[in-house]
Amino acid sequence: MNAKLQAWWLARTENERRTLALGGLGLALLLLIGGVVLPLSDHHHALAERLPGLRASAAALEAQADEAVALRARAGPAPVPAMSMPGGAAAAALQASLDAAGLRGAGDSVLAQGNEQVEIRLAHAGFDAFLSWLARTQRDTGMRPLTLEADALDAPGSVRIHCVLAAAGGH
């Protein structure tokens, strides 16, 4: 086949060979421009149109990250889940929390029941204050009430509490 092509080429005049060579070069150039340069140019323009939106998104993400860092710094250290501690340590942590909330008095008890549960008995507590403490405790430690008994006392809003708290997965 190569010999046939060479014979055909040599049968052309010098002027025809020049015209065919320039035509082939022009065709190759058109294919290069149409198949490579124009698609890349279109892609470049599409990316250039998206760039301002992407920069705005990046700026918004940076602002949100800064806000998250500020909120985390304002919140202070993360609480230690009480149930990640041995039972006695969890009971001690809950007792300290009740003391800080002003809910524990003489005769009240906070006792560990194994590593899974803590029993709380309060002889006299404000019901609203106890519920607020319980909500904070659930949020901060992951413990939830397994049982909760509240008996009304003579003073308005005052109750006697018996509550058993357990880890979220414990029974």
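Structure first, text after, so check above.
Starting afresh in each chain, residues are numbered from 1 along the sequence in its written order. Reporting in this predicted model follows two pLDDT cut-offs: at least 70 for local features of residues, and 80 or more for side-chain atom pairs to be given and counted; totals over whole chains, interfaces and linings ignore these cut-offs and use all residues. The basis for every side-chain value is the complete set of heavy atoms in the structure, and neither hydrogens nor water enter the calculation.

## Notes on the pattern of salt bridges
- Salt bridges, as used here, are contacts in which a Lys or Arg side-chain nitrogen is within 4 Å of a carboxyl oxygen on Asp or Glu. In the structure shown here, the tally under the stated rule is four salt bridges.
- For the salt bridge of Glu 119 with Arg 121, the shortest nitrogen-to-oxygen distance reads 3.2 Å.
- Residue classification places Arg 121 among the partly exposed residues on the basis of a relative accessible area of 40%.
- Residue Arg 160 is joined to Asp 151 by a salt bridge in which the shortest nitrogen-to-oxygen separation is 3.9 Å. For the exposure calls, accessible area comes from a 1.4 Å probe over protein chains only, and a residue counts as buried if that area is under 20% of its type's maximum, exposed if over 50%, partly exposed in between.

## Looking at the pairing of strand E2 (residues 117-126)
- Relative to E2, strand E1 (residues 109-113) runs antiparallel, the two being bridged by five bridges. Counted as the bridge partner of Ala 112 is Val 118 from E2.
- The hairpin turn running from E1 into E2, its antiparallel successor, is three residues long, and Gly 114 in that turn takes a positive phi close to 75 degrees.
- In short, DSSP must find at least two bridges between two strands for them to pair. Where helices and strands are cited, they refer to DSSP runs of H or I of at least four residues and of E of at least two residues respectively, numbered from the N terminus. Bridging between E2 and strand E4 (residues 158-167) involves eight bridges; their strand directions are antiparallel. Across the sheet, residue Leu 122 finds its bridge partner in E4, namely Ile 161.

## Remarks on the nonpolar core
- Definition used in this section: a nonpolar core is a set of buried Ala, Val, Leu, Ile, Met, Phe, Trp, Tyr and Cys residues joined via side-chain atoms within 4.5 Å. Core analysis: the largest hydrophobic core is formed by 18 residues, its most contacted members being Val 118, Ile 120, Leu 122, Phe 130, Trp 133 and Leu 165.
- Taken together, the elements giving at least two residues each to this core come down to helix H3 (87-100), E2, helix H4 (127-141) and E4.
- Not counting residues within four places of it along the chain, the set of residues in contact with Leu 122 comprises Leu 98, Leu 103, Arg 104, Asp 108, Phe 130, Val 159, Arg 160 and Ile 161. It only takes one pair of heavy atoms within 4.5 Å for two residues to be counted as in contact.

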